[in-house]
Protein chains: 2
Amino acid sequence: MEYCSSNPIITAADAQRLSAGKLKVIGAFNPGAAQFNGKTVLLVRVAEQFEPETGCMEIPIAKDGGVTRLKIAKDGRYDFGDPRVIAGRKGEKYLTSLSKLLVAQSDDGVNFSFTGNGIIPQGGYEAFGAEDPRITFIDGAYYITYTAVSAMGVCVALARTSDFVSFERLGIILPPDNKDAVLFPEKIGGKYYMLHRPSASEFARPEMWIAESEDLIRWGNHRRLCGVRDGWDCARIGAGPAPVKTKDGWLTVYHGADEDNRYCMGALLLDPQKPWIVRKRSEKPFMEPVNGYETDGFFGGAVFSCGMIASGDKLRIYYGAADDKICLAYADTDEITAGMSDVAGGTDN
Amino acid sequence: MEYCSSNPIITAADAQRLSAGKLKVIGAFNPGAAQFNGKTVLLVRVAEQFEPETGCMEIPIAKDGGVTRLKIAKDGRYDFGDPRVIAGRKGEKYLTSLSKLLVAQSDDGVNFSFTGNGIIPQGGYEAFGAEDPRITFIDGAYYITYTAVSAMGVCVALARTSDFVSFERLGIILPPDNKDAVLFPEKIGGKYYMLHRPSASEFARPEMWIAESEDLIRWGNHRRLCGVRDGWDCARIGAGPAPVKTKDGWLTVYHGADEDNRYCMGALLLDPQKPWIVRKRSEKPFMEPVNGYETDGFFGGAVFSCGMIASGDKLRIYYGAADDKICLAYADTDEITAGMSDVAGGTDN
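As the structure is a prediction and not an experimental result, all values here were calculated from the model. (Residues numbered from 1 in each chain as written. Chains lettered and ligands numbered in written order. Predicted model: local features only at pLDDT ≥ 70, side-chain atom pairs only at ≥ 80, totals over all residues. Heavy atoms only, no water.)

*Asks:* So, the packing of aromatic side chains: which residues are in play, and what are the values?
*Replies:* The geometry of an aromatic ring pair comes down to the distance between the two centres and the angle between the two planes. Counted by the stated rule, this structure contains 30 aromatic pairs over all chains. Consider the rings of tyrosine 125 of chain A and tryptophan 209 of chain B, whose centres lie 5.7 Å apart with planes at 45°: the pair is tilted. Of this pair, tyrosine 125 of chain A sits in the loop between strand E10 (113-119) and strand E11 (129-138) while tryptophan 209 of chain B sits in strand E17 (residues 208-213), each in a different chain. Like tryptophan 209 of chain B, tyrosine 125 of chain A is buried. (Phe/Tyr/Trp six-rings, centres within 6.5 Å; stacked < 30°, edge-to-face > 60°. Helix = DSSP H or I, 4+ residues; strand = E, 2+ residues; numbered from the N terminus. Buried < 20%, exposed > 50% of the residue type's maximum accessible area, 1.4 Å probe, protein only.)

Below, the structure is given as structure tokens:
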């Protein structure tokens, strides 16, 4: 593990230059990543807020292609305790910021500039934002799985691009509440596979599942892949970037959080032919929030990767630090697999 | 609306005769229904419990094809307040009963006898039970959508039968938490459709969604169909039996519950060609828990239908009453549609 000396490589200030003016960028983080035409492309989650006013908060909501304001008075009817969420008495909730996904590109993988293109919420299932994209190159096109948030729930949406200029939306592929979905880069045994994370459950914890498809649009045969356990990943886990094919199996980076909402990164090794079987798992996180840019910020104590570029066994890990900026770390696949232990009971369920 | 004079037509005592002995049947309710070989077939949810012991409760859990006991002491570490659920301090939950799905058949539609066949939880995703089946006859086979409950969550499972003797499991078609799923009886515009109900959400209420498929196994293009509203269906709604084709559209019976968990039945009329559009909706429930067998029981104040047989415009509605017995009501489609109002904003989303 080595950290890029330019960290953080993208900040809210970098994205602010693109913003319409009335909205303030409070974070540029959790990017998807891909190699395209010799460049490194990031699809950056850019979160924007209206400037806070005295006595009320204005919530940005995407509607009919624009951004509307929902004024919420600080008169005791809503809870403003969480900087990310405003909760009403009847269970209704709003996000304090609206996220969109913007393309940034780079020749050297370190110095990025925004192109002005991306996935901009128009309303509907994205009324509260589009978040945390993962990009997977499949059969000549780039597929983006991302989180679409609205009063209808937290859904997994799919989009496709071949040029990072225009993006085609392909609908909601998993109903609420679900997030952290990522596609495998190729068919395995004749089927496409996707990791996903059902979020809220009466009986279960937020854990990783796997599903299969023949067309990337319709998904079935959902199976629980991997659960939480005592320690650093006891509260919730979810897939990170697209799994990387290695000689031993599918190297799958994931995030885990503990009861204090400290987000670290670990990895799984999934069976090469049967990706619904976990063969190995990190005992300890290979990455923890330790640097100042990870411990301090909008949501301090978080490293969270949605994008990774593999060249042979060299990995460039792009990640959100403290939910407000983007950093880069370098690792070898061997470094990550060295910290893994065999998983008992990795049965063919 | 007319109630069958033999109500309730099936009780826990009827199912007890089939039970292994050590387990006590506490409910026979919420059946799916179909016409098969000139008979009416019900797939009955039969809930069983171990006899309560002093100082502890024994939870029945399906495992390796049998039923195991999980002993939980009444020593303050668990909450026994809800007769249906036991909740631990760390959020872990168990059902106090284990449900299986048993076939009962009848020549006259009123007097039923159990055949001994059905869907019996073997463990895995059904470790805590198989519940609330809906049967849809499609392309020469009977498809059963049902709720599979385990510590992995509340999932929608699919099974198929052509004889109501052997049942083929086709996997988990919707990840947790989701229930109240039902298939339409035919393709519409070249696609299969399913109604479903994502249960738990950070931002949304438990509402009805619709998805599409080409093979009944893999599902996509999930869309929110219909929400809760003030009144009798303010807390949660979910589809009932398979939608019935009428000249005006798809007549879809659904259940709605209020904040007091009083379960009533209403109906939607969905567009004939675009079933993701609600054209009409019941203002008031067409069925409410008013009879003694509906107001009193394991969970009093509930009418809940998963099975309905249509012959022309005559409907036989089989339903669970108070979560422990099965009743039958007769209605004309006109009676139900007469109580409906146009839905504003039924847009092509």
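*Asks:* Account for the pattern of salt bridges, naming residues and giving values.
*Replies:* Residues and elements named next belong to chain A. Enumeration according to the criterion identifies 60 salt bridges over all chains in this entry. A salt bridge links lysine 245 to glutamate 186; the nearest nitrogen and oxygen atoms lie 2.7 Å apart. Placement of lysine 245 in strand E20 (residues 244-246) and of glutamate 186 in the loop between strand E15 (178-183) and strand E16 (192-198) is noted, with a sequence separation of 59 residues between them. Overall, the relative accessible area of 53% leaves lysine 245 in the exposed class. Overall, the relative accessible area of 31% leaves glutamate 186 in the partly exposed class. For the salt bridge of arginine 218 with aspartate 215, the shortest nitrogen-to-oxygen distance reads 2.5 Å. Here arginine 218 falls in the buried class, since its relative accessible area comes to 11%. (Salt bridge = Lys/Arg side-chain N within 4 Å of Asp/Glu carboxyl O.)

*Asks:* If you had to explain the sheet that holds strand E25 (residues 314-321) of chain A to someone new, which residues and values would you point to?
*Replies:* Residues and elements named next belong to chain A. Taken in spatial order, the four strands line up as E1-E26-E25-E24 in an open sheet, and their pairing is antiparallel. Edge strands, defined here as strands with exactly one partner in the open sheet, are strand E1 (2-3) and strand E24 (303-311). Alignment of E25 against strand E26 (residues 325-332), held across eight bridges, turns out to be antiparallel. Within E26, the residue paired with leucine 315 across the bridge is alanine 331. (Pairing = 2+ DSSP bridges.)

*Asks:* Could you give an account of unusual backbone geometry, naming the residues involved and the relevant values?
*Replies:* The amide bond that connects proline 176 of chain A to the next residue, aspartate 177 of chain A, takes the cis arrangement and shows omega of -20°. Note that aspartate 177 of chain A resides in the loop between strand E14 (168-174) and E15. At asparagine 37 of chain B, a residue that is not glycine, the phi angle is positive and equals roughly 55°. Mapped onto the secondary structure, asparagine 37 of chain B falls in the loop between strand E2 (23-36) and strand E3 (39-50). You can call asparagine 37 of chain B exposed: its relative accessible area is 69%. A positive phi angle, close to 55°, is found at alanine 322 of chain B, a residue other than glycine. Here alanine 322 of chain B lies in the loop between strand E25 (314-321) and strand E26 (325-332). Overall, the relative accessible area of 0% leaves alanine 322 of chain B in the buried class.

*Asks:* Help me get a handle on the interface of chain B and chain A, residues and values and all.
*Replies:* At the interface, 44 residues of chain B touch 44 residues of chain A. Of the roughly 3,300 Å² buried between chain B and chain A on both sides combined, carbon and sulfur atoms contribute 57%. Where chain B touches chain A, the interface holds six salt bridges. Ionic pairing is found between glutamate 214 of chain A and arginine 218 of chain B, a salt bridge with its closest N-O pair at 3.8 Å. For the pair chain B and chain A, the interface holds eleven residue pairs in polar contact (both at pLDDT 80 or more). Every element with two or more residues in the side of chain B that touches chain A is listed here: strand E8 (93-95), strand E12 (141-150), strand E13 (153-161), strand E14 (168-174), strand E16 (192-198), E17 and strand E18 (219-226) of chain B. Among the elements that take part in the side of chain B that touches chain A, E18 of chain B stands out by supplying six residues, more than any other. (Contact = heavy atoms within 4.5 Å. Buried area = accessible area lost by both parts, 1.4 Å probe. Polar contact = N/O pair within 3.5 Å; in protein donor to acceptor, adjacent residues only side chain to side chain.)

*Asks:* Could you give an account of the state of the cysteines, naming the residues involved and the relevant values?
*Replies:* Residue and element names in this part refer to chain A. All chains considered together, the criterion is met by zero disulfides over all chains. Not part of a disulfide, cysteine 234 finds its nearest cysteine sulfur in cysteine 264, a span of 11 Å. A relative accessible area of 16% places cysteine 234 in the buried class. (Disulfide = S-S within 2.5 Å.)

*Asks:* Could you give me a rundown of the pairing of strand E23 (residues 278-282) of chain A, with the residues and numbers involved?
*Replies:* Residues and elements named next belong to chain A. Direction of pairing for strand E22 (residues 263-270) relative to E23: antiparallel, over a ladder of three bridges. In the sheet register, leucine 268 faces E23, and the bridge partner there is arginine 281. In this structure, E23 lies alongside strand E27 (residues 340-342), joined through three bridges in antiparallel fashion. Paired with serine 282 across the bridge in E27 is methionine 340.

*Asks:* Quick one: what's the story with the side chain of threonine 136 of chain B, residue by residue and with numbers?
*Replies:* Residues and elements named next belong to chain B. Within the element layout of this structure, threonine 136 appears in strand E11 (residues 129-138). Within the structure, threonine 136 has its side chain in polar contact with the backbone oxygen of leucine 183 (distance 3.0 Å). Residues contacting threonine 136, with those up to four places away along its chain left out, are Ala141, Tyr142, Tyr143, Val182, Leu183, Phe184, Pro185 and Ala242.

*Asks:* So what's going on with the sheet that holds strand E1 (residues 2-3) of chain B? Which residues, and what values?
*Replies:* Residues and elements named next belong to chain B. Taking strand neighbours across the sheet as the criterion, the four strands line up as E1-E26-E25-E24 in an open arrangement whose pairing is antiparallel. Of all strands in the sheet, those with a lone pairing partner are E1 and strand E24 (303-311), marking the two edges. Direction of pairing for E1 relative to E26: antiparallel, over a ladder of two bridges. Looking at the pairing, tyrosine 3 lines up with alanine 329 of E26.

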